[in-house]
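Inside the fold
In case you want the letters, here they are:
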Amino acid sequence: MVTAQTFAPQGIEVKNPNDGSTVGHVPEYGAAEVDQAIARARTASRRWGALSHVQRRKDLAAFRRGLATQAETLATLVHRETGKPKVDAMSEVLLAIQHVAHAASRAEEVLATRTVSSGLMANLKSTVSYHPLGVIGVIGPWNYPIFTPMGSIAYALAAGNAVVFKPSELTPLVAVEVAKIAQQTLSVPDVLQVVTGRGPAGAALARGAVDKIAFTGSPATGRKVMMAAAERLTPVLLELGGKDPMIVLPDADLDKAAEAAVWGAMTNAGQACVSIERCYVHDAVYDRFVDKVVAEAREVRFGADPGAHIGAITLPAQVEIIKRHLEDARDKGARFLLGGPDAIEGNMVPPAVVVDVTDEMQLMQDETFGPVLPIARVKDGDEALSRANRSRYGLGSAVWGKSGVRELADKIVSGMTTINTVLAFGSVPTLPFGGIGESGFGRIHGDEGLREFSRTKSIVEQRFTIPGMNFFTFKVPPNLYDQLKGMAEKLYGTAVLDKASEVLKKLHIL
Ligand code: NAD
């Protein structure tokens with residue numbers, strides 16, 4: 001019902017943020033329809049979960065081909081719903097399809113039953129197996145309306161689950177198209193359903209009878225989702241906002257760093273959870289870097305025309321937040337080398353480069369989500385690191401330079417870091433994606449993404465008995481206490497184990 005039918009022009013009107021024109025309509029569903037979709041997904045999950053990996057892989061290959069055939073339609077919808085340039089929309093579609101291909105190709109190997117060491121219990125055989133959870137509720141944002149949710153949907157499906165997806169009310173049309181393609185290509189009906197609606201539909205999904213909720217959106221809504229899910233103790237995966245830092249060391253390639261900083265801060269008009277939102281630059285190269293950034297940022301074309309690099313801000317309320325951050329920075333002494341609060345017109349925010357910033361400014365603390373690059377001067381890498389880590393977010397980060405750059409990357413407290421590039425972790429399907437702190441928890445993408453949507457099961461089997469070594473009975477030898485004490489002392493209190501550990505490891509006893 002909420003998948004492939006023709007919608008009456010009522011419910012939610014979807015508007016193009018670039019020109020205010022109507023892109024389409026979708027129904028606004030509520031709790032009753034969400035519950036019905038979950039019930040249908042439950043039925044579908046039994047059939048889908050019972051298929052072999054090989055069968056699901058074939059289905060997902062058909063889904064992948066369907067998406068690829070419709071790439072133009074999908075990208076056009078993304079372009080019109082979000083206001084982002086067509087090239088950005090198409091790159092999002094391509095990366096979304098890459099996830100379907102990758103998840104499908106890895107599921108059999110990653111979710112294969114593994115035999116693991118039984119430790120001291122050498123007579124036992126221990127295995128770990130992975131099973132579908134059942135029904136996954138996915139709640140998505142508007143900024144990457146196909147790429148971001150597909151990072152959960154593809155892995156959930158490949159792991160044998162059915163999915164009920166509630167897209168953002170700002171960008172539901174591409175989701176409806178994806179659901180249509182799923183209905184046409186997947187052999188199990190209702191294995192991927194889309195329920196269009198606003199907050200209440202998302203809330204109904206979060207408190208509904210699902211086995212896991214994968215939410216992407218703001219920290220404020222993430223908290224509500226977690227509270228709603230707590231009612232049934234439904235596990236949640238939260239992909240929330242970010243305030244990603246970039247550090248520039250003195251031996252960085254400044255041309256490339258400046259170019260990347262501008263793109264990283266301003267691509268998608270800064271509306272990426274992993275945008276570069278603050279930059280810490282070593283004193284020795286600060287002035288040169290800032291000059292290069294300003295020159296780069298001047299070249300960014302913004303506006304509604306097709307040749308623009310960045311379009312309008314999708315969410316009108318976000319313009320107010322961006323403006324507030326810029327005004328707060330100005331009031332506290334920051335200087336605008338480009339753009340600024342007075343340059344904003346309607347939902348068009350021109351690129352802004354801000355200097356003389358301090359960590360007390362909202363611009364350096366809270367997610368701005370606009371085409372804004374604040375740059376701070378630091379005396380060395382240590383100061384850059386400690387200021388980068390002084391954040392309640394921890395999604396992505398970037399370090400630029402040569403000497404000690406890998407060490408610095410390890411020390412930044414965030415889910416993902418790039419070295420001498422920006423945002424690239426999001427394009428690599430093998431890399432787990434997610435954050436810490438107010439950026440959320442859990443991991444999508446990669447092998448971790450498949451396991452995230454699986455139930456892990458431990459099975460232990462007795463292969464043979466060792467006389468006097470059966471601990472799982474009351475019929476134990478009278479001297480068991482002394483035997484155990486002897487084992488504790490001899491195995492773990494001496495160097496015997498250290499010497500034998502290589503041998504024991506080879507025998508899978510450790
Ligand atoms: P949002 O929190 O306003 O909305 C996200 C989704 O939640 C929408 O589908 C919305 O309808 C739904 N929703 C609203 N109220 C709800 C409720 N009470 N219960 C359940 N669902 C509800 O976020 P947004 O403005 O759409 O997205 C922007 C935010 O998403 C930014 O903070 C951005 O950083 C973040 N984001 C994070 C990632 C990531 O992977 N970490 C990716 C993209 C966006």
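Please read all numbers here as calculations on a predicted model, not as lab measurements.

So, on to the confidence of the model for the protein. This prediction gives the protein a mean pLDDT of 94; 97% of its residues lie at or above 70. Contacts from residues 1–9, a stretch scored under 50 in pLDDT, to residues over four places away or in other chains number 25 contacts.

Burial within strand E11 (residues 276–282) is extensive, with seven of its seven residues counted as buried. As paired strands, strand E10 (residues 244–248) and E11 are joined by five bridges and run parallel to one another. Bridge pairing in E11 places Asp244 opposite Ile276. Between the parallel pair E10 and E11, the chain is carried across by helix H9 (residues 254–266), and the sense of this crossover is right-handed. Pairing of E11 with strand E14 (residues 372–378) involves four bridges; the strand directions are parallel. Directly across from Tyr280, in E14, lies its bridge partner Ala376.

What follows covers the site of the ligand. In the vicinity of the ligand, 29 residues are found, and the nearest of them are Trp142, Lys166, Glu169, Ser218 and Glu367. Within the backbone of Gly217, one N or O atom sits 3.3 Å away from an oxygen atom of the ligand. Its free accessible area being 850 Å², the ligand has 89% of it covered by the protein chains. Of all the secondary structure elements, the ones that give two or more residues to the shell around the ligand are helix H7 (199–207), strand E8 (212–216) and helix H8 (219–230). A domain split of the shell around the ligand shows at least three residues from each of domain 1 (4–239) and domain 2 (244–430).

For the pair helix H2 (residues 53–69) and helix H5 (residues 147–158), the least separation of the axes is 10 Å and the interaxial angle reads 150°. Taken together, the axes of H2 and H5 are roughly antiparallel relative to one another. Contacts between H2 and H5 involve His53, Arg56, Leu60, Phe63 and Leu67 from the former and Met150, Leu157 and Ala158 from the latter. In terms of residue class, the contact of H2 with H5 is made up of six nonpolar, one polar and one charged.

Let us now look at the sheet that holds strand E16 (residues 418–419). Sheets are built from strands that pair by backbone hydrogen bonding, the pairs being arranged parallel or antiparallel. Pairing is mixed in the open sheet, where seven strands are placed in the order E12-E13-E14-E11-E10-E15-E16. The open sheet has two edge strands with one neighbour each: strand E12 (335–338) and E16. Here three bridges tie strand E13 (residues 352–355) to E14, and the two strands are oriented parallel to one another. Among the inter-strand pairings, Val354 is bridged to a residue of E14, identified as Pro374.

Attention now goes to the layout of surface pockets. In this structure, the second largest pocket occupies an estimated 270 Å³ of space. What lines the second largest pocket is a set of 17 residues, and nearest its centre among them are Trp263, Thr267, Val300, His309 and Ile310. Within the residue set of the lining of the second largest pocket, elements represented by two or more residues are helix H4 (86–110) and H9. Here the lining of the second largest pocket takes four residues from H9, the largest share from any one element.

Along the chain, Lys292 falls in helix H10 (residues 283–298). The spacing of Lys292 and Leu254 is 38 residues in sequence and 7.8 Å in space, taken between C-alpha atoms. In this structure Lys292 touches Leu254, Asp255 and Ala258, once residues within four positions along its chain are discounted.

Our next topic: the side chain of Glu383. By secondary structure assignment, the location of Glu383 is in helix H13 (residues 381–389). Here Arg387 takes part through its side chain, which lies 2.9 Å from a polar atom of the side chain of Glu383. Excluding anything up to four places from it in sequence, Glu383 contacts Arg377 and Val378.

Let's shift gears to the nonpolar core. Membership of the largest hydrophobic core comes to 147 residues, with the highest contact counts inside it found for Phe63, Met246, Phe289 and Ile375. Of all the elements, H4 adds the most residues to this core, at nine residues. Taken domain by domain, the makeup of this core includes at least three residues from each of domain 1 (4–239) and domain 2 (244–430). Beyond its immediate chain neighbours, meaning those up to four positions away, Met246 contacts Ala257, Ala261, Ile276, Arg278, Cys279, Tyr280, Phe289, Ala398, Trp400 and Val422.

With that settled, consider the side chain of Ser454. Structurally, Ser454 is set in strand E18 (residues 454–462). Here the side chain of Ser454 touches Leu450 through a polar contact of 2.8 Å, landing on its backbone oxygen. When near neighbours in sequence (up to four residues on either side) are disregarded, Ser454 contacts Leu111, Tyr130, His131, Leu133 and Ala159.

This part is about the domain arrangement of the protein. Think of interface size as the accessible area that goes away when the parts come together; that is how it is often given. Domain annotation for the protein reports domain 1 (4–239), domain 2 (244–430) and domain 3 (467–506). When each unit is reduced to the centre of its C-alpha atoms, the spacing between domain 1 and domain 3 is 49 Å.

Turning to the pattern of salt bridges, a few remarks are in order. When their charged atoms lie close together, side chains carrying opposite charge are able to pair. Summed over all chains, the structure comprises 28 salt bridges. One salt bridge connects Asp366 with Arg392, and the closest N-O pair in it is separated by 3.0 Å. A residue pair is termed long-range when its members are at least 10 positions apart, and Asp366 in the loop between helix H12 (362–365) and E14 and Arg392 in the loop between H13 and strand E15 (398–400) qualify at 26 residues. Two residues, Glu383 and Arg387, come together in a salt bridge whose shortest N-O distance is 2.9 Å. Residue Glu383 and its partner Arg387 are located together in helix H13, separated by four residues, close to a single helical turn. In this structure, a network of salt bridges that share partners links the residues Arg223, Asp366, Arg392 and Glu438.

Right, let's talk about the packing of aromatic side chains for a bit. Taken as a whole and assessed by the stated rule, the structure comprises three aromatic pairs. Seen in terms of ring centroids, Trp142 and Phe369 are 5.6 Å apart; in terms of plane orientation they differ by 85°. Their pairing is edge-to-face. Here Trp142, found in the loop between strand E5 (135–139) and H5, pairs with Phe369, found in the loop between H12 and E14; they are 227 residues apart in sequence, far enough to count as distant. Taking 6.3 Å as the distance between ring centres and 75° as the angle between the ring planes, the aromatic pair formed by Tyr144 and Phe147 counts as edge-to-face. The exposure classification of Tyr144 matches that of Phe147, with both residues buried.

Running from N to C, H2 and H4 point in directions that differ by 170°, and their axes come no closer than 9 Å. The angle between H2 and H4 places the two elements in the roughly antiparallel class. Contact with H2, carried on its side by His53, Val54, Arg57, Leu60, Phe63, Arg64, Leu67 and Ala68, involves Ile97, Val100, Ala101, Ala104, Ser105, Ala107 and Glu108 of H4 and no other residues of that element. Across the contact of H2 with H4, the residue classes break down as ten nonpolar, two polar and three charged.

What counts and how
The written sequence of each chain sets the order in which its residues are numbered from 1. A pLDDT threshold of at least 70 governs which residues receive local features in this predicted model, and a stricter bar of 80 or more applies before side-chain atom pairs are shown or counted, although totals over entire chains, interfaces and linings include all residues. Water and hydrogen atoms play no part in the side-chain values, which are based on all heavy atoms of the structure. Each residue gets a pLDDT score, which is the predictor's confidence in that residue and runs from 0 to 100. Two residues form a contact once any of their heavy atoms are found within 4.5 Å. Relative accessibility thresholds used throughout: buried, under 20% of the residue-type maximum; exposed, over 50%; partly exposed, between the two (1.4 Å probe, protein chains only). To qualify as a helix, a DSSP run of H or I must reach at least 4 residues; to qualify as a strand, a run of E must reach at least 2; elements of each kind are numbered from the N terminus. Being paired, for any two strands, means DSSP has found at least two bridges between them. Viewed with both strands pointing away, a crossover whose connecting path from the first strand over the helix to the second turns clockwise is right-handed. Whether a residue is near a molecule or strand depends on its heavy atoms: it is near if one of them lies within 4 Å of it. A 3.5 Å cut-off defines polar contacts: any pair of N or O atoms within that distance qualifies, except that in protein one atom must be a possible hydrogen donor and the other a possible acceptor, and neighbouring residues in sequence count only when both atoms are side-chain atoms. For every accessible area listed, the method is Shrake-Rupley and the probe measures 1.4 Å; residues are considered covered only by the protein chains on display. Here the bounds of each domain stem from an automatic or database domain assignment. All axes here are fitted lines through C-alpha atoms, helices being fitted over the stretch that makes contact, and every angle between N-to-C directions spans 0 to 180 degrees. Any angle from 65 to 115 degrees is called roughly perpendicular, while one under 35 is roughly parallel, one over 145 is roughly antiparallel, and all others are oblique. Residues were grouped as follows: Ala, Val, Leu, Ile, Met, Phe, Trp, Tyr, Cys and Pro as nonpolar; Asp, Glu, Lys and Arg as charged; and all remaining residues, including Gly, as polar. Within this scheme a cavity is a closed region of a 1 Å grid, computed over the protein atoms alone, that accommodates a 1.4 Å probe without allowing it to escape, whereas a pocket is open but has protein on both sides within 12 Å along at least five of seven lines; lining residues each have an atom within 4 Å of a point. Grid points are joined across faces, edges and corners, and a volume is the space filled by probe spheres set on the points. What makes a nonpolar core is a set of buried Ala, Val, Leu, Ile, Met, Phe, Trp, Tyr and Cys residues whose side-chain atoms join them at distances within 4.5 Å. The salt bridge criterion pairs a side-chain nitrogen of Lys or Arg with a carboxyl oxygen of Asp or Glu, the two atoms within 4 Å. Only Phe, Tyr and Trp rings take part, Trp by its six-membered ring, and two of them pair if their centres are within 6.5 Å. Stacked means planes under 30 degrees apart, edge-to-face means over 60, and tilted covers everything else.

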